[in-house]
Amino acid sequence: MSLLTHTIELPDEAATAALGASWAPHICAPLVVYLAGDLGAGKTTFVRGLLRGSDYQGTVKSPTYTLVESYPLEQADFHHFDLYRFTSPEEWLDAGLDELFTPRSICLIEWPQQAEGFAPAADLTVNLSHLKTGRLCQLAAHTEHGKRSLEAWIKN
Ligand SMILES: Nc1ncnc2c1ncn2[C@@H]1O[C@H](COP(=O)(O)OP(=O)(O)O)[C@@H](O)[C@H]1O
Ligand SMILES: [Mg+2]
């Protein structure tokens, strides 16, 4: 179910990163974001852009092997998950990932379906899919909090 949706075409990698960066002024913890889309769709690129837009200048690497990369910034604690390598949803509990969901956290989850029934529900979904060259980005808000953020974002 979605309260609000918005679709954008992203012709190249820079456009994906710029979209992520443009969201930074409009997010407010606590927030749970699902990043949907195939391997190579641009999910990590989007998160990198969001962190750059949040004044984080360090390296943003894919959490494929580490499960989660955390960025404790002044405005919020960003946690970037990649659950691709989960073999069962219960791993969510074994890995203690629930502890990362606090009133200060912005949680961005790649492959959330791998933890179905365990990961917290999303305020927003960012769905990226391959076009012939670039990508299509479909944004959907599922909660009032997510909707307010999406409204403010797409107004600019
Ligand atoms: N809008 C876009 N158009 C074309 N290539 C893109 C776009 N966005 C990202 N990419 C490229 O897609 C590749 C995979 O990106 P990545 O963010 O690692 O995907 P994912 O995390 O979804 O697996 C990277 O080489 C990146 O440069
Ligand atoms: Mg990725």
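Refer to the structure presented above.
What counts as what
Along each chain, residues carry numbers from 1 onward, in the same order as the chain's sequence is written. All chains are assigned letters beginning with A, and all ligands numbers beginning with 1, in the order in which they are written. Totals for whole chains, interfaces and linings use every residue, but because this is a predicted model, local features are given only for residues with pLDDT of at least 70 and side-chain atom pairs only at 80 or more, for both listing and counting. Side-chain figures throughout are based on the complete set of non-hydrogen atoms in the structure, without hydrogens or water. Counting from the N terminus, the helices are DSSP H or I runs at least four residues long and the strands are E runs at least two residues long. What qualifies as a polar contact is a pair of N or O atoms within 3.5 Å, subject to a donor-acceptor requirement within protein and to the restriction that residues adjacent in sequence count only when both atoms come from side chains. Contacts were defined at the residue level, with two residues in contact if any of their heavy atoms lie within 4.5 Å. Pairing of aromatic rings covers Phe, Tyr and Trp, the last through its six-membered ring, and needs centres within 6.5 Å; plane angles under 30 degrees mean stacked, over 60 mean edge-to-face, and all others mean tilted. Burial here depends on accessible area, computed with a 1.4 Å probe over protein chains only, as a share of the maximum for the residue type. Under 20% is buried, over 50% is exposed, and the range in between is partly exposed. Note on pairing: two strands pair once DSSP finds at least 2 bridges between them. To obtain each axis, a line is fitted to C-alpha atoms, and for helices this fit is confined to the stretch in contact; angles are then taken between N-to-C directions over 0 to 180 degrees. Throughout this document, a residue counts as near a molecule or strand when at least one of its heavy atoms sits within 4 Å of that molecule or strand. Computed with the Shrake-Rupley method and a 1.4 Å probe, the accessible areas treat only the protein chains shown as cover for residues. Throughout, the ten residues Ala, Val, Leu, Ile, Met, Phe, Trp, Tyr, Cys and Pro are labelled nonpolar, Asp, Glu, Lys and Arg are labelled charged, and all others, Gly among them, are labelled polar.

**Some details on the side chain of Thr-125**
Reasoning step 1: Looking at the secondary structure, you find Thr-125 in strand β6 (residues 124-130).
Reasoning step 2: Separated by 2.6 Å, the side chains of Thr-125 and His-142 make a polar contact.
Reasoning step 3: For Thr-125, the residues in contact, after removing those within four places along its chain, are Tyr-34, Ala-36, Gln-138, Leu-139, Ala-140 and His-142.

**Thoughts on the packing of aromatic side chains**
In this description, an aromatic ring pair is defined by two values, namely the gap between the centres and the angle between the planes.
Reasoning step 1: Counted under the stated rule, the structure contains eight aromatic pairs.
Reasoning step 2: Between the aromatic rings of Trp-23 and Trp-153, the centroid separation amounts to 4.6 Å while the plane-to-plane angle is 10°, which identifies the pairing as stacked. Separated by 130 residues along the polypeptide, Trp-23 in helix α1 (residues 13-23) and Trp-153 in helix α4 (residues 144-155) bring together distant segments of the chain.
Reasoning step 3: With a centroid separation of 5.0 Å and an interplanar angle of 70°, the aromatic rings of Tyr-56 and Tyr-71 are classed as edge-to-face. Here Tyr-56, found in the loop between α2 (43-53) and β3 (68-72), pairs with Tyr-71, found in strand β3; they are 15 residues apart in sequence, far enough to count as distant.
Reasoning step 4: Given the relative accessible area of 21%, Tyr-56 is considered partly exposed.
Reasoning step 5: When its relative accessible area of 4% is taken as the criterion, Tyr-71 is described as buried.
Reasoning step 6: Through pairs of rings, three or more aromatic residues link up here, namely Trp-23, Phe-46 and Trp-153.

**With respect to the sheet that holds strand β2 (residues 31-36)**
Whether parallel or antiparallel, the strands of a sheet pair through hydrogen bonds between backbone atoms.
Reasoning step 1: With respect to topology, seven strands assemble into an open sheet ordered β1-β7-β6-β2-β5-β4-β3, the strand pairing being mixed. Among the strands making up the open sheet, the edge pair consists of β1 (4-10) and β3. Sheet twist, expressed as the average angle between the axes of neighbouring strands with direction ignored, equals 15°.
Reasoning step 2: Sheet topology places strand β4 (residues 77-82) next to strand β5 (residues 105-110); six bridges connect them, and they run parallel. Its bridge partner being in β5, His-80 is matched across the sheet by Leu-108.
Reasoning step 3: Strand contacts of α1: β1, β2, β5, β6 and β7 (135-141), with the helix running at about 145° to β1, the strand carrying the most contacts.

**Quick word on the site of ligand 1**
Reasoning step 1: The full set close to ligand 1 counts 17 residues, and Glu-13, Thr-16, Gly-40, Lys-43 and Thr-45 are the nearest of them.
Reasoning step 2: Asp-12 is positioned such that a nitrogen or oxygen atom in its backbone is 3.0 Å from a nitrogen atom of ligand 1.
Reasoning step 3: Its free accessible area being 580 Å², ligand 1 has 74% of it covered by the protein chains.
Reasoning step 4: Residue assignment for the shell around ligand 1 shows that the elements contributing at least two residues are α1 and α2.
Reasoning step 5: Ranked by the residues each element gives to the shell around ligand 1, the list is headed by α2, at three residues.
Reasoning step 6: Tallied by class, residues from the shell around ligand 1 come to four nonpolar, seven polar and six charged.

Without other data, these values stay purely geometric and don't point to any function.
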